[in-house]
Amino acid sequence: MKKKIKCPHCGKLTSWENNPYRPFCSERCKLIDLGHWLSEEYRIQVPVEGLDEVHEIKKEE
Ligand SMILES: [Zn+2]
């Protein structure tokens, strides 16, 4: 029985076996999704500067 999976990026059905880009359907989808994930992580790291401000306010109390 061949396992079929849905590409998380484009939703196209692709096979799990012999698929070097799984769970994606192609290298293109894998790279696009990885790039998207990395930019999401970058955005999460940005507000760290704001956390320092909160610490400073607490010290003043
Ligand atoms: Zn895809």
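The rules behind each value
- Residues numbered from 1 in each chain as written.
- Predicted model: local features only at pLDDT ≥ 70, side-chain atom pairs only at ≥ 80, totals over all residues.
- Helix = DSSP H or I, 4+ residues; strand = E, 2+ residues; numbered from the N terminus.
- Buried ≥ 20, exposed ≤ 12 C-beta atoms within 10 Å, placed from the backbone.
- Contact = placed C-beta atoms within 7 Å.
- pLDDT = per-residue confidence, 0-100.

Draft legend 1. Up close: the overall build of the protein chain. In terms of helices and strands, the protein chain carries 2 helices and 2 strands. Its helices and strands in sequence order give the protein chain the pattern β-β-α-α, from N to C terminus. Put simply, the protein chain has 61 residues, and 3% of those count as buried. Sequence separation of at least 24 residues holds for 6% of the intrachain contacts in the protein chain that already meet a minimum separation of 6.

Draft legend 2. Broad picture of the confidence of the model for the protein chain. Put simply, the protein chain has an average pLDDT of 80, and 64% of its residues get 70 or more. Here helix α2 (residues 48–60) is the element of the protein chain with the lowest mean pLDDT, 60, and strand β2 (residues 13–15) is the one with the highest, 95.

Draft legend 3. Expanded view of unusual backbone geometry. Of note, the amide linkage connecting R22 to P23 takes the cis form, showing an omega dihedral of 5°. Within the secondary structure layout, P23 lies in the loop between β2 and α1 (27–45). Residues other than glycine seldom take positive phi values, yet N18 does so here, at roughly 55°. Its place among the elements puts N18 in the loop between β2 and α1.

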